[in-house]
Amino acid sequence: MSGLRRLFRGSGRALAFVFAASVVWLLLDMAALRVSLGEAGGRPLRGAAGPGSPRHDPAGIRGDPPGPPSPSTGSPGGAGTARASGAPAEAATEPAGNGAGRRHPAAPARDGAPPAHGQPRSAATQPRSAAPPGAGGPQPALRDAVAVAEGAGGSPGRASLAAAAGQEETRAGKNETSPENHFVLISKEGIKPGGPTVPRPASVSVGNFTKSQEEREERPLKENSDGAHPTIGSTGAAAVGSQSWALGTVPRTAATGEDGRERAGGSTPGTHRVLSVDATFAPRDPQAPGQFGHPVAVPVDKQEEAKSRWKEGNFNVYLSDLIPVDRAIADTRPAGCSEQWVHDDLPTTTIIMCFVDEVWSTLLRSVHSVLSRSPPHLIEEVILVDDFSSKEYLKEKLDKYMSRFPKVKILHLKERHGLIRARLAGAQMAKGAVLTFLDSHVECNVGWLEPLLERVRLSRTKVACPVIEVISDKDMSYMTVDNFQRGIFTWPMNFGWRQIPQEVIEKNEIKETDIIRCPVMAGGLFSIDKKYFFELGAYDPGLDVWGGENMEISFKVWMCGGEIEIVPCSRVGHIFRNDNPYSFPKDRVRTVERNLARVAEVWLDEYKELFYGHAYHLVLKNLDVGDLTQQIQLREKLRCKSFRWYLENVYPDLEAPLVKASGLLVNAATARCITVENTTLALAACDINDKHQRFNYTWLRLIRHGELCLAPAGAAGAPDLQRCHGGSHGPTWLHGSLATGHRELRDHIISEHLQQPTCLEVDPSHTALRVNACDSANPHQKWQFGNYYAD
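My aim in this report is to walk through the structure given alongside it, one point at a time. (Residues numbered from 1 in each chain as written. Predicted model: local features only at pLDDT ≥ 70, side-chain atom pairs only at ≥ 80, totals over all residues. Heavy atoms only, no water.)

## Some thoughts on the pairing of strand β26 (residues 680-684)
Consideration 1: Burial analysis of β26 places four of its five residues in the buried class, which makes it a mostly covered element.
Consideration 2: Strand direction decides the pairing type here: strand β25 (residues 673-677) and β26, joined by five bridges, are antiparallel. When the sheet's bridge partners are listed, Cys673 is paired in β26 with Ala684. (Buried < 20%, exposed > 50% of the residue type's maximum accessible area, 1.4 Å probe, protein only. Helix = DSSP H or I, 4+ residues; strand = E, 2+ residues; numbered from the N terminus. Pairing = 2+ DSSP bridges.)

This is the structure:
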């Protein structure tokens, strides 16, 4: 018996040893598996060329619709439109009268040459792996079941939704969740590195950027000490001089809550690596047309059909219907984006897409891209707002198709509202903490959502915009675009893109992942805190249909204490169209003009004269912009800053002189200047210090001396001074570049109010002023202002 005890006692030790060794082995095996899964979940596909293909080194843009950034020629297998290397990346926009802000894509080019450094290229040149599971290459960490449905026109469709690719490894107590701080100053003279200087209000010099400033950055909406307006701290970009604009990333603070407030007790929320959720990681049909963002060619025998269907959406609808609604696209994020860390407690968002008569396959592809490439726990809902579409397939058929997705809701408006009011309708029913507006002809890329929500989480007054890439309207290829661009506008409020010069990027070591502060967003795609959106008054309800709303919300955000940022690690493809495929209840041009004039009246202060000066036909027709009382009261309630502040602190490189010319008004023949004696005009020896000889030539074509204006005919037919009352009824004059139709009279001052061209002249015999028939060779009719600010 004792022998048996000894035997079992020895066996027990052996069994215990074996059991312990097995547990250790299992733990090591699980650790290896965890590393493997972490790499699979955190590293997107590199290319369709199979394992070992080089990583796509993308270039990105800064901004969003209404105009496309400049895509470049693609390498073999890709397609795109090209721009000359080194050409400025500023938008070729139409004037206000032609739908402000719309851009025209460049002529297509297919030379097959590799893209120049810093230029866009076809994302299809580095597509996702087409290898089926088990064929080698990275595989998705997790994947949900896929529902299959038939799309319109017989094109195959699949409704797919991926679960989150597993919670990535968290780092408790990690403070930094995005790129290092970087500051660049952009001014009319060029871009200067930030340095210590006297800061502007709500700004701090780079040299004095301390931890206390970092803490101030994350504070919620508050009032300045002077009570001027609600604002938040600087984004960490210094404002130097009177003509600087700041660009850069923003520092993180530990222990900040969803609204940007610091947590009590200094507790730090958990963080995780950006989730690379993508249900199209291994597509069901790698050979399908357009897969991986490749271009598609229309068969020869289908050319006429494709041409006839173009007007359905103002892009190649025939090819869109051939492409899977859940196609894979290349990961075009800059290197390092997949390694960034975000907070675990990101706010949920409501995705809002508004449409009217959208193409079936394009709308489905937009929705599928959201569901397939977004962490499900962050999507509160997707609201599709149907702005009274006339297409039958956008009614019951759409409801039935989307019913398989519990988070997708459809709001059918009972009458046409227009894009602006349709967005308001969607926002009012949204439940998410953040509103994310998207167009209905987009494709969201991998990892697009969390970087946007991270910015809003850091401060509720941040408005985050993705980099908008190009889906070709001709061959449906997905193209990445020029990097380091920001949204800007030129007069009369035409939206465009402007690229930071390459030499500045290199000199200041600006990284592709650096956040860029944006003076104006294009307005189609952005995320904004829901409460903050409505605190700002949302969109002006007096704006009709489409156009100008991006200007209004951009001015409102910046001037009333917020910030607009472009987030390079968030990428969304967009089909840019040459024209709106839908009709406007009123004339399209008149609608956009009225919207822009309404924005100018509320937000531009005295600078609205520049708007009207560049769109003078609006002055001539006495445009009715409607009642502005509520919008003016809202601006006062929010204690918003002036447009001059916006120019000095946000967009100082905009040319915005308040007058076209000023100073002495010198006659070429006599070298004498016009002077004011009491209330009459005379000629005298020029004296730059004499205030009685100072005149302004305004954008409204008035020659002003204080509150008095030069009028063409007073007593005895001589010009005199009258009280200025502006508008088209004032005593207006043409001079310089405004003398269109009279190019030989550019140096003359021409009266607009007499039946035949008459010019201001010095009477040679009496050295007095008069108006007379214009004579291009008469030096007594030639005048020069002391200073010219705009030609």
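## Observations concerning the sheet that holds strand β34 (residues 768-773)
Consideration 1: Taken in spatial order, the four strands line up as β31-β32-β33-β34 in an open sheet, and their pairing is antiparallel. Edge positions in the sheet fall to β31 (733-734) and β34, since each of these pairs with one other strand and no more.
Consideration 2: Bridging between strand β32 (residues 750-751) and strand β33 (residues 758-763) involves two bridges; their strand directions are antiparallel. Its bridge partner being in β33, Ile750 is matched across the sheet by Cys759.

## Comments concerning the packing of aromatic side chains
Consideration 1: Scanning the model with the defined rule gives 19 aromatic pairs in all.
Consideration 2: Seen in terms of ring centroids, Phe489 and Phe555 are 5.7 Å apart; in terms of plane orientation they differ by 75°. Their pairing is edge-to-face. With a gap of 66 residues between them, Phe489 in strand β19 (residues 485-490) and Phe555 in helix α11 (residues 549-559) connect regions that are remote in the sequence. When sorted by exposure, Phe489 lands in the same class as Phe555, which is buried.
Consideration 3: Within the aromatic cluster, the residues linked to one another by ring pairs are Phe489, Trp491, Phe555, Tyr607, Phe643, Tyr646 and Tyr651.
Consideration 4: Positioned above the aromatic ring of Tyr401, the side-chain terminus of Arg404 is 4.7 Å from the ring centre.
Consideration 5: Above the plane of the ring of Tyr616 lies Arg701, whose end atom (NZ or CZ) is 3.7 Å from the centre. (Phe/Tyr/Trp six-rings, centres within 6.5 Å; stacked < 30°, edge-to-face > 60°. Lys NZ or Arg CZ within 6 Å of the ring centre and 35° of its normal.)

## Describing the state of the cysteines
Consideration 1: Summed over the entire model, instances satisfying the criterion amount to five disulfides.
Consideration 2: The disulfide that involves Cys673 links it to Cys686, with 2.0 Å between the sulfurs. Across the disulfide from Cys673 to Cys686, rotation about the S-S bond amounts to roughly 100°, and the bridge is consequently right-handed. Here Cys686 lies in the loop between β26 and β27 (695-698) and Cys673 lies in strand β25, a separation of 13 residues in the sequence.
Consideration 3: A residue is classified by how much of its surface remains accessible, and Cys673, at 0% relative accessible area, is buried.
Consideration 4: Across the disulfide from Cys709 sits Cys724; the S-S distance is 1.9 Å. One quick way to see it: the torsion about the S-S bond of Cys709 and Cys724 is about 110°, and its sign makes the bridge right-handed. Separated by 15 residues along the polypeptide, Cys709 in strand β29 (residues 708-711) and Cys724 in the loop between β30 (720-723) and β31 bring together distant segments of the chain.
Consideration 5: The exposure class assigned to Cys724 is buried, which follows from its relative accessible area of 16%. (Disulfide = S-S within 2.5 Å.)

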